[in-house]
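Per-entry structural report
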Amino acid sequence: EGHQLSLNANRNELLVGAALKQGGPLKLPIHVEDVDPSVRKLVNAMEEQAQCDWLSLQLDPCLDFQALLTLSLHFERVQYLTDMMRRERKRFSTKLLQRQNKPERPTLDLPTTEPAEQETPRGAWFNDEYW
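Since the structure is predicted, the reported quantities are computational estimates derived from the model, not experimental observations.

If you check helix α1 (residues 2-22), its first and last C-alpha atoms are 31 Å apart, about what 21 residues at 1.5 Å a residue would give, namely 30 Å. In the segment just after α1, Gly 23 is the residue with positive phi, at about 85°.

Structural data, given as structure tokens:
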């Protein structure tokens, strides 16, 4: 679930950035079909990578822990947990090597905005002289 939330946040960030780059009023919701083909390719690549990452887990993590709890002997549990950790360590090291050998992901050049002058807060709550 956390991976899905992260993927959705990154996807939305790309789509909003691309929609802002087009100029004009922002039309919500932003659909993938409404943005440039290059952004569509980035979004598709992100989704495919997330799918590959999920498949590389081999099992839903909850199933591993359910299987761990069903084992009756302590030695079996320790052995199973060791195998789980070994598999995860191998997966992480493979992913790390892939990231080190992979060029950086291209980013969108978003329009920069000048920071607006900060308006002084009004009201008795913000007025130090009042207190």
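Moving on, there is more to tell.
Core analysis: the biggest nonpolar cluster contains twelve residues, these being Leu 7, Leu 14, Leu 15, Ala 18, Ala 19, Ile 30, Val 32, Val 35, Val 39, Leu 42, Val 43 and Met 46. Within the residue set of this core, elements represented by two or more residues are α1 and α2 (37-56). Sorting elements by how many residues they give to this core places α1 first, with five residues.

Attention shifts here to the confidence of the model for the protein chain. Looking at the protein chain, the pLDDT average stands at 79 and 72% of residues meet or exceed 70. Across the protein chain, the secondary-structure element scoring lowest on mean pLDDT is helix α3 (residues 61-70), at 81, and the one scoring highest is helix α4 (residues 74-101), at 88.

What counts, and at which threshold
- Residues numbered from 1 in each chain as written.
- Predicted model: local features only at pLDDT ≥ 70, side-chain atom pairs only at ≥ 80, totals over all residues.
- Heavy atoms only, no water.
- Helix = DSSP H or I, 4+ residues; strand = E, 2+ residues; numbered from the N terminus.
- Expected span 1.5 Å × (residues − 1).
- Core = buried A, V, L, I, M, F, W, Y, C linked by side-chain atoms within 4.5 Å.
- Buried < 20%, exposed > 50% of the residue type's maximum accessible area, 1.4 Å probe, protein only.
- pLDDT = per-residue confidence, 0-100.

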